[in-house]
There are 2 protein chains.
Amino acid sequence: MKLSTRARYGLRLMFALAKNYGKGYVLLKDVACAEEISEKYLSLIVIPLRSTGLINSARGATGGYSLARDPSQITVKEIVDVLEGEALLDCLKNPSLCPRVSSCVSRDVWVLLNDKISETLSSITLEKLIQMENEKISGGKIEKGGNHEDSR
Amino acid sequence: MKLSTRARYGLRLMFALAKNYGKGYVLLKDVACAEEISEKYLSLIVIPLRSTGLINSARGATGGYSLARDPSQITVKEIVDVLEGEALLDCLKNPSLCPRVSSCVSRDVWVLLNDKISETLSSITLEKLIQMENEKISGGKIEKGGNHEDSR
DNA sequence: TTATTTACTACTATTACGATAGGAATAATA
DNA sequence: TATTATTCCTATCGTAATAGTAGTAAATAA
């Protein structure tokens, strides 16, 4: 039940692309630098995201990556599924793996949990994340009127 | 986001103890046999469950393990937390680990997910699991008298 | 004493994870 | 055409976690 860095980095990458949606390609180098992630490592993470059709890519000079769909049309679940695999447990997708599936109550727990996770992650789109960040910035900074230096 | 076998086996063990609650000690050997889990491996899993106070143990002949509390008072969350660690991510419990915590929107996603998982697992007690199994059995078998159809 | 059980410690094999390295393919541009 | 900048592909590697085995010590009821 630990979250892999793959998924975490992947989400940050997708978020960066989302913020640039409609403005052309984004360089992996720039994302890697801004997010302080190894560019090489990020370049591995990006591959499944591309082959699943979540992002587009263009080689060569002026190339880069861009979101394949509007940020409102991409959920965190899609990203996590690609980078982490869909199921919490193999017998969830593949019941034939275990002979005791039909009578297994503990499996029912995991099915339920898996559904809850899916539901939660499905409800969060990249657009929503952008909104969250905006609210965070305007909420954390000068709140109308009295101004003071922003921390950091 | 894979579930470890530790947690899965642990839940099955706890469930077995729950079904025997109030009837004395259960032998690890019996659980291991019934659940087709290596007794040795199970004997490792049982240790943290004991030291957290979820179960009691007694050595020697006529010894064994028993649930420390009523099945209605033990949630799946407690079991999972013991065997798998509480947080989906280190920076959730320990924000100081990451300098970008305050501005990190993706972290907010994981916080939200973590809460949902906790909430879900907290809502399932061992007693509930016993009920689920009973319904499963009576639902799958012949309905006595043919009166009420509890279609779950 | 003996049989039975938990408790403890050490070891091992396998896999997954996080990361690095080097170069090939592609495209813009000078 | 040569150069440069980028994605793309494959291979490798060290470390840690996971799943599991093994052997022995300690406790306890009979």
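One can find the structure itself at the top, above this paragraph.
Numbers given to residues run from 1 along each chain, matching the order in which its sequence is written. By the order in which they are written, chains take letters starting at A while ligands take numbers starting at 1. Whole-chain, interface and lining totals are the exception, using all residues; otherwise, since this is a predicted model, local features are given only for residues with pLDDT of at least 70 and side-chain atom pairs are given and counted only at 80 or more. Working from all heavy atoms in the structure, the side-chain values ignore hydrogens and water.

A.B. asks: Looking at this model, I keep getting lost on the overall build of chain A. Mind explaining?
C.D. replies: Numbering of helices and strands runs from the N terminus; a helix is a DSSP stretch of H or I covering at least four residues, while a strand is a stretch of E covering at least two. Helix and strand counts for chain A stand at 7 helices and 2 strands. Along its sequence from the N terminus, chain A presents helices and strands in the succession α-α-α-β-β-α-α-α-α. Each residue gets one of three labels from its accessible area relative to the maximum for its type: buried under 20%, exposed over 50%, partly exposed in between, using a 1.4 Å probe on protein chains only. Looking at chain A as a whole, 43% of its 152 residues qualify as buried. Counting only contacts in chain A whose residues sit at least 6 apart along the sequence, the fraction spanning at least 24 positions is 65%. Computed with the Shrake-Rupley method and a 1.4 Å probe, the accessible areas treat only the protein chains shown as cover for residues. Summing over all exposed atoms, chain A offers an accessible surface of approximately 8400 Å²; the carbon and sulfur share of this is 50%. Here Asp and Glu are counted as negative and Lys and Arg as positive; His is not counted, and neither are the chain ends. Each charge is placed at NZ for Lys, CZ for Arg, CG for Asp and CD for Glu. Each charge class in chain A can be summarised by its mean position, and for the 21 positive and 19 negative side chains these summaries are 4 Å apart. Residues are treated as being in contact if the distance between any of their heavy atoms lies within 4.5 Å.

A.B. asks: Before we go on, may I ask you to explain the pairing of strand E2 (residues 64–67) of chain B in this structure?
C.D. replies: Both faces of the sheet carry side chains from a regular strand, because those side chains alternate between them. Residue and element names in this part refer to chain B. Residues of E2 alternate between two faces, with Gly-64 and Ser-66 on one and Tyr-65 and Leu-67 on the opposite face, all of them buried. The criterion for strand pairing is that DSSP finds at least two bridges linking the strands in question. Pairing of strand E1 (residues 55–58) with E2 involves 4 bridges; the strand directions are antiparallel. Bridged to Ile-55 within E2 is Leu-67. The hairpin formed by E1 and E2 contains 5 residues between the paired strands, and Gly-60 there has a positive phi angle of roughly 75 degrees.

A.B. asks: It is not clear to me how the protein's contact with DNA strand D should be interpreted in this structure. Could you clarify?
C.D. replies: Around DNA strand D, the structure places 24 residues, and the nearest of them are Leu-27, Ser-57, Arg-59 and Tyr-65 of chain A together with Lys-40 of chain B. Sugar and phosphate atoms constitute 71% of the interface atoms of DNA strand D, taking the interface as everything within 4 Å of the protein. In this structure, Lys-29 of chain A approaches DNA strand D through a side-chain N or O atom, which is 2.8 Å from a phosphate oxygen. Those elements that provide at least two residues to the surface near DNA strand D are helix H2 (28–35), helix H3 (39–51), strand E1 (55–58) and strand E2 (64–67) of chain A together with helix H1 (5–19) and helix H3 (39–51) of chain B. Of the residues that constitute the surface near DNA strand D, the class distribution is 10 nonpolar, 8 polar and 6 charged. One heavy atom within 4 Å of a molecule or strand is enough for the residue carrying it to be called near that molecule or strand. A 3.5 Å cut-off defines polar contacts: any pair of N or O atoms within that distance qualifies, except that in protein one atom must be a possible hydrogen donor and the other a possible acceptor, and neighbouring residues in sequence count only when both atoms are side-chain atoms. When residues are grouped by polarity, Ala, Val, Leu, Ile, Met, Phe, Trp, Tyr, Cys and Pro land in nonpolar, Asp, Glu, Lys and Arg in charged, and all others, Gly among them, in polar.

A.B. asks: So what exactly am I meant to see when it comes to the interface of chain A and chain B here?
C.D. replies: By a widely used convention, the size of an interface equals the accessible area lost when the partners come together. Listed per partner, the contact involves 40 residues of chain A and 39 residues of chain B. Once two parts are brought into contact, the accessible area they lose, counted with a 1.4 Å probe and summed over both, makes up the buried area. With both sides pooled, the region where chain A packs onto chain B buries about 3700 Å², and carbon together with sulfur makes up 67% of that total. Per-residue buried area on chain A facing chain B is highest for Met-1, Arg-100 and Trp-110 of chain A; these three make up 20% of the total on that side. Here, a salt bridge means any Lys or Arg side-chain nitrogen found within 4 Å of an Asp or Glu carboxyl oxygen. Across the contact surface, chain A and chain B share 6 salt bridges. A salt bridge links Lys-136 of chain B to Asp-108 of chain A, with the shortest nitrogen-to-oxygen separation between them at 2.8 Å. At the boundary of chain A with chain B, the tally comes to 20 residue pairs in polar contact (both at pLDDT 80 or more).

A.B. asks: How do you make sense of the side chain of Ser-66 of chain A when you look at a structure like this?
C.D. replies: Residues and elements named next belong to chain A. Relative to the helices and strands, Ser-66 resides in strand E2. By relative accessible area, which is 15% here, Ser-66 ends up buried. What Ser-66 contacts, discounting residues up to four positions off in sequence, is Leu-17, Gly-24, Tyr-25, Ile-55 and Asn-56.

A.B. asks: Whenever I open this one, unusual backbone geometry confuses me. Can you help?
C.D. replies: Across residues other than glycine, the phi torsion is negative in most instances, and most of the peptide bonds are trans. Residues and elements named next belong to chain A. Of note in the backbone geometry, Glu-36 takes a positive phi value of approximately 55 degrees without being a glycine. When you line up the elements, Glu-36 lands in the loop between H2 and H3. Residue Glu-36 is classed as exposed on the basis of its relative accessible area of 62%.

A.B. asks: Would you explain the packing of H1 of chain B against helix H4 (residues 76–84) of chain B in this entry?
C.D. replies: Residue and element names in this part refer to chain B. With their axes 9 Å apart at the nearest point, H1 and H4 run at an angle of 140 degrees to one another. Classed by the angle they form, the pair H1 and H4 counts as oblique. Between H1 and H4 the crossing geometry is right-handed. Seen from H1, the contacting residues are Arg-6, Ala-7, Gly-10, Leu-11 and Met-14; seen from H4, they are Val-76, Ile-79, Leu-83 and Glu-84. Only the contacting stretch of a helix is used when fitting its axis, a line to C-alpha atoms as for every element, and angles between N-to-C directions run 0 to 180 degrees. Angles below 35 degrees are treated as roughly parallel, those above 145 as roughly antiparallel, those between 65 and 115 as roughly perpendicular, and all remaining angles as oblique. Throughout, a crossing is termed right-handed when the near helix is turned clockwise from the far one, and left-handed when it is turned anticlockwise from it by less than a right angle.

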